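# Structure at a glance
Next come the chains, spelled out residue by residue.
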Amino acid sequence: MNRFKPSKFRHTEARLPRREAWIGGIRAGSFASYGNHVKASCHWVAFNAEAAGVLGIVPLECKDGGKRTVSQLCCHSDVVTDFDFSPFDQLLLATGSADETVKVWRLPESGQDMPSGAGLTLGPGGHPVDLVLFHPTADGVLASGAGKGVTVWDVGQQQPLTALDSHGDQLQSLTWKRDGCLLGTSCKDKKLRIFDPRASPAASQSVPGHENNKDSRLLWMGSSDCLISVGFSQMRERDVKLWDTRRFSGATLTMALDTSPGVTIPLYDTDTGLLVLAGKGENLLYCFEVVPTQPALTQVSQCRTEGSTRGLAAVPRLALDVMACEVLRVLQLTDTALVPVSYLVPRKSVQDFHEDLFPDCTGTLPATNAPAWWAGDSQQVGRVSLHPARRSTETFTSPVIASTCHTDTTTGHTDTDTGHTDADRSEASGYSSPSSLASPGSATTSLSASTGPSSGFASSPSQKSLQSILGPSSRFRHAQGRVLHRDFHLTNLRGLSITTPGESDGFCANHQRVALPLISAGGQIAVLELSKPGRLPDAAMPTIQNSVAVSDLSWDPFDPRRLAVAGEDAKIRLWRIPEGGLQETLQEPEAILRGHTEKIYSIRFHPMASDLLVSSSYDMTVRIWDLSAKQEVICLQGHTDQIFSMAWSPDGKKLATVSKDGRIRLYEPRCSPQPQQEGAGPEGGRGARLVWVCSGDYLLVSGFDSRSERRILLYRAQALPEGPLSVLGLDVAPSTLLPFYDEDTSVVFLTGKGDTRVFLYEVTPEPPYFLECNSFTSNEPHKGFVFLPKTACEVREVEFARALRLGQSTLEPVAFHLPRVRKEYFQDDLFPPTRIWWEPALGASAWLAGQDGQQRRASLCPPDMVPVSEAPKEAPARKFVPASVYLEEKSDEQKKEELLNAMVARLGNRDDPLPQDSFEGVDEDEWD
């Protein structure tokens, strides 16, 4: 275009859709990073979700007019800082995180479950990853920015190709030139740099960029020598600059945008020359046409949206509605929705394809691969037509991550041969795939092992081959948590206490009632009946007057009416609740236990013996109490600092503790008051919890590392000095993870006070030890999350765990269940005979005398249900039925006769009058 010829895009207008076209029902995150917070491929849209380390995934297009389903991809243990879709494989997503790793994921086709584990992991490095960007011409090449350095990776080999020289300060953006030869960066040291990674790790060119070191972005204008940068001037004005690398001493054009403080997100479309700018936290979208040859920057349109911008993404050109003259589409990420904004060029005819608006665009078949590109191959990606009749149907599946199907890049044919995977084909194609795609501590994808024939699912050969590649997966990987109907909620809770110590769960519940500490003076406790849900009255209700602030509380498992309450006055009070619940305020406890000299941390009832209670205190002792005699019977020593948590072994013989001195201790209380063995616990001193798992052979400990990352550790109970068998990092959050272990399913649930997410892992006694399952996410933070006994589960709905979630003013039941095909049968593979927890195996005096009891077990199978293991096997449907089954053999004469009869039937009876015979005609005089 020259200055005398008008631009065909000068009348481009931005069109906001109706709310029905928005992608709603999302909760976007607001994390500080240099990423755009939202990216799109031709199939999927990814965006930063509210929870740290989680991306929301939603289909780009809505098929058959249905509603889009937003899925969650649990990526990292810390904030996802940036992510990028491959320009060739529309299902390949790279994510970078503050946990110092880059992960590459293969998303499923629409309608399938999100992967629970990454295909491969790059790193960790020494700094949080800030930026990730795929190469524009070579498959399997990825650039990542962390701290002051840039690394160019061969993704297939999981090895860096080069590390570019350190910048003067924090990196702020990366951009590849369209031909893939050069890489540009902007930095907090106010400089723009150009690198030729294959020639030298040092910058080939460098120039001062924007005058302010606040967030700046750099974009390459296609394959030309021109760049666009956005940033802030010395007077904190937002400005846009055009650069020419042939004259890189200064900007060829500078234009002040406005004085808004929001960081500018730029999107540039090479084929149209349109530049869209949006400020974070603002609702204004600018659209400019960029002409590098003049240079010139002309404003085309200005669009005001309803919601403020949290992120911005451009939809790939191949996904545009070209027949509607849509030349550009951007997705605006707001707090609760993704808003598509279409840029249209008005034309009289929308029935014809306008070649001038839609030149051939870059295709989706890579020009080369990582080893060839690094060796000097500079082939360019072929261009394809956007004309609907001439559009290429070729697709590409990158071999850097194994897939269950393979797409022929020459014919576009998808090979679904179950005997081979892309991993098998990678060697022949010249690409290298990793030998192991799942680390021992990482979760595995849901494509591996199935739940077995008894559940109604069967493993295909391709799934079994994937299992050998990706490792084992949990039977509970598809577990779903849902809040039960409002009819089961307790609402209008008022005056709840949020000051209980971190060693306490905050409240406690049994199968009949729940006890909630109140903020009122005198350590009041509300006791509510679970059998009486609904809205609580506004008037004052009867409570327990504990007289001092509550530090912990626990229900007696063998007496649902007895509540033990530890107070800040170093005393334990035992309260007895009347039948039917509290009718009047209780002021006198059943008994008071005295012995500790300082404030008590936590209390726990014995799992086997009645009338036994253990407590830990600031006096660094652990005391065991005989409630029938109302006296202390054992005092355990050996702690040197605050005791974070303690737990009885399932058989009630041993007691484990974890304390602030970073040690885990194991006691046999009846043998010695000193620990039997010790081992190193979590590094951080912010808090920890522990629970016995795998039939009491292992200890699971939740805690923090030195960088405040929440993690879980697995120890062999008989070998604590050897250290943890496995360590798994989850996320960064201030609250201690509270673990609950379901001994029947080996699933551990982990969440913290103030969290919105509950992590689920199946714990196994062999590597990889932790098998990730779907997590449960709530809309608002919970003050507490307590699980009910197994007998509260509705086994008819395949519910294997039930919890109570304490919100701001509500108590909501949350059911965890598995989707199963044959729900009319009792799923005995998920529900083994459960321990009769409500009956003690022996009394306190017998246990203290050295006896060991064993509780009986009972089946959870309802009387009217048949176990699925005894259900009749369903005969597989025949894929091919031979013609002899439904056709009789006929002679040639019979076939001729049948054919003749059919022809006669179609012709009808010859004696029937013809239609024209029924016409009456006209009179003779009408002919005149």
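Here's a quick rundown of the structure. Not measured: the values here are computed from a predicted model. (Residues numbered from 1 in each chain as written. Predicted model: local features only at pLDDT ≥ 70, side-chain atom pairs only at ≥ 80, totals over all residues. Heavy atoms only, no water.)

### Some details on the overall build of the protein chain
Regarding its fold elements, the protein chain presents six helices and 67 strands. Looking at the protein chain as a whole, 55% of its 928 residues qualify as buried. Carbon and sulfur atoms make up 49% of the accessible area of the protein chain, which totals about 40,800 Å². (Helix = DSSP H or I, 4+ residues; strand = E, 2+ residues; numbered from the N terminus. Buried < 20%, exposed > 50% of the residue type's maximum accessible area, 1.4 Å probe, protein only. Areas by Shrake-Rupley, 256 points an atom, 1.4 Å probe, with all protein chains shown as cover.)

### Some words on the pattern of salt bridges
Summed over the entire model, instances satisfying the criterion amount to 53 salt bridges. When the shortest N-O distance is used, the salt bridge between Arg604 and Asp552 registers 3.2 Å. Residue Arg604 is found in strand S46 (residues 600–605), and its partner Asp552 is found in strand S42 (residues 550–556); the two are separated by 52 residues along the sequence. Classification of Arg604 by relative accessible area gives partly exposed; the value is 23%. Across the pair Glu579 and Arg561 runs a salt bridge, and its minimum N-O distance is 3.7 Å. You can see Glu579 sitting in the loop between strand S44 (571–576) and strand S45 (591–594) and its partner Arg561 sitting in strand S43 (residues 559–567), a full 18 residues away along the chain. According to the relative accessible area criterion, Arg561 is partly exposed, its value standing at 24%. Several salt bridges share partner residues, and in doing so they unite Lys177, Asp179, Asp225, Asp244, Arg246 and Arg247 into one network. (Salt bridge = Lys/Arg side-chain N within 4 Å of Asp/Glu carboxyl O.)

### Some details on the sheet that holds strand S10 (residues 129–134)
One open sheet holds the four strands; their spatial order is S10-S12-S13-S14, and the pairing between them is antiparallel. This sheet does not close on itself; its edge strands, each paired only once, are S10 and strand S14 (159–164). Between one strand axis and the next, the sheet turns through 25° on average, direction left out of account. (Pairing = 2+ DSSP bridges. Axes fitted to C-alpha atoms, helices over the stretch in contact; angles between N-to-C directions.)

### Section: unusual backbone geometry
Across the junction of Gly123 and Pro124, the peptide omega takes the value 5°, indicating a cis bond. Note on placement: Pro124 falls in the loop between strand S9 (120–122) and S10. Even without a glycine there, the phi angle at Met620 is positive, about 60°. Along the chain, Met620 turns up in the loop between strand S47 (612–617) and strand S48 (622–626). Relative accessible area serves as the criterion here: at 29%, Met620 is assigned to the partly exposed category. If you check the backbone angles, Ser746 has positive phi at about 65° while not being a glycine. Assignment of secondary structure puts Ser746 in the loop between strand S58 (738–742) and strand S59 (747–751).

### Section: the sheet that holds strand S20 (residues 226–232)
Taken in spatial order, the four strands make up an open sheet running S19-S20-S21-S22, and their pairing is antiparallel. Taken across any chain shown, the strands that pair with only one partner, and hence form the sheet edges, are strand S19 (217–220) and strand S22 (253–258). The mean inter-strand angle of the sheet, taken between neighbouring strand axes irrespective of direction, is 20°. Bridging between S20 and strand S21 (residues 238–244) involves seven bridges; their strand directions are antiparallel. Among the inter-strand pairings, Gly231 is bridged to a residue of S21, identified as Asp239.

### As for the environment of Pro682
In this fold, Pro682 is placed in the loop between strand S53 (677–680) and strand S54 (689–693). Pro682 sits 24 residues away from Ser706 along the chain, and the two C-alpha atoms are 8.7 Å apart. If near-sequence neighbours (up to four positions away) are discounted, Pro682 is found in contact with Val658, Gly662, Ala688, Val701, Gly703, Phe704, Leu713 and Tyr715. (Contact = heavy atoms within 4.5 Å.)

### Focus on the nonpolar core
Ranked by internal contacts, the top residues of the largest apolar core, which has 28 residues, are Val276, Leu285, Leu312, Val327, Val330 and Tyr343. Of all the secondary-structure elements, those providing two or more residues to this core are strand S23 (264–269), strand S24 (274–279), strand S25 (284–291), strand S26 (296–304), strand S28 (326–333) and strand S29 (338–344). Membership of the second largest hydrophobic core comes to 23 residues, among which are Val747, Leu760, Val798 and Ala801. (Core = buried A, V, L, I, M, F, W, Y, C linked by side-chain atoms within 4.5 Å.)

As far as function goes, none of this settles anything; it's purely spatial.
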